[in-house]
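# Commentary on secondary and tertiary structure
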Amino acid sequence: MTPKTTNTTKTIALATLATVFALTAVTPSFAAGDPVKQQKHFSRMLKRVDTSGDQRISPSEMNAALAKGFAILDTNRDGNLSQAELANGKAAFRAHVQQAKASGERLSGVMVMPKRVAKRFAKIDRNGDGAISRVEAGKVAKRLFARRDRNKDGYISAADFKV
């Protein structure tokens, strides 16, 4: 192989990988097809976010849960999430869980930002200031809610996870 052919092959391989990653990043992980996994995912999300107990998640419950998750991750309390705060998100959430257990608080109504947020930081940070604001996170949450509400009834429920 000539150097030009090798570079072309590498470029094609990298472009193919980039396309695969882009497509999988857009598709929710629970939408991969296994109905059992979809139901487990929904059950976990419902347990954490459904504060009204009606077995469905409203936009206000989703927004409240994301706001709590945002507050947990925003360790310097500046109203923005930096890349460092997202990288340390797991530790911040663990600390919050330990505090909740110690105080006897029931940990509900909390949704922590997914790992995908850290990976897609630059795209979510629309104004390019190096931080994700509550407004930027809210816009992403609104799009995710609309995507998960497959039957468009204004709620995320078990019906949205049936294949």
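Anything mentioned here points back to the structure above.
In short, a report on the structure. (Residues numbered from 1 in each chain as written. Predicted model: local features only at pLDDT ≥ 70, side-chain atom pairs only at ≥ 80, totals over all residues. Heavy atoms only, no water.)

## Here we look at the overall build of the protein chain
- For the protein chain, the helix and strand inventory stands at eight helices and four strands.
- Burial analysis of the protein chain (163 residues in total) assigns 32% to the buried set.
- Once local pairs closer than 6 in sequence are excluded, the contacts in the protein chain between residues at least 24 apart make up 58%.
- Carbon and sulfur atoms make up 59% of the accessible area of the protein chain, which amounts to about 10700 Å² in all. (Helix = DSSP H or I, 4+ residues; strand = E, 2+ residues; numbered from the N terminus. Buried < 20%, exposed > 50% of the residue type's maximum accessible area, 1.4 Å probe, protein only. Contact = heavy atoms within 4.5 Å. Areas by Shrake-Rupley, 256 points an atom, 1.4 Å probe, with all protein chains shown as cover.)

## Let's talk about the packing of aromatic side chains
- Counted by the stated rule, this structure contains zero aromatic pairs.
- The lysine or arginine in question, Arg56, covers the ring of Tyr155, its NZ or CZ lying 3.5 Å from the ring centre. (Phe/Tyr/Trp six-rings, centres within 6.5 Å; stacked < 30°, edge-to-face > 60°. Lys NZ or Arg CZ within 6 Å of the ring centre and 35° of its normal.)

## Details of a positive patch on the surface
- A surface patch of positive charge is lined by Lys90, Arg94, Lys115, Arg116, Lys119, Lys123, Arg126, Lys139, Arg143 and Arg147.
- Only helix H5 (89–103), helix H6 (115–119) and helix H8 (134–148) provide two or more residues apiece to the positive patch.
- You can see Arg116 is positioned in helix H6. (Patch = residues over 30% accessible without salt bridge, like charges linked within 9 Å, V, L, I, M, F, W, Y side chains within 5 Å. Salt bridge = Lys/Arg side-chain N within 4 Å of Asp/Glu carboxyl O. Lys, Arg positive; Asp, Glu negative; His and termini not counted. Charge placed at Lys NZ, Arg CZ, Asp CG, Glu CD.)

## Remarks on helix H2 (residues 35–49)
- In a regular helix each residue adds 1.5 Å, so 15 residues correspond to 21 Å; H2 covers 21 Å between its end C-alpha atoms and thus fits that length.
- All of the buried residues in H2 are Gln38, His41, Phe42, Met45, Leu46 and Val49. In an axial view of H2, the angular spread of the buried residues amounts to 130°, which keeps them on one side of the axis. Seen from the buried face of H2, the exposed residues on the opposite side, beyond 90 degrees, are Val36, Lys37, Lys40 and Lys47.
- Buried residues along H2 sit against strand S1 (56–57), helix H3 (59–73), H8 and strand S4 (156–157). (Expected span 1.5 Å × (residues − 1). Arc of directions from axis to C-beta.)

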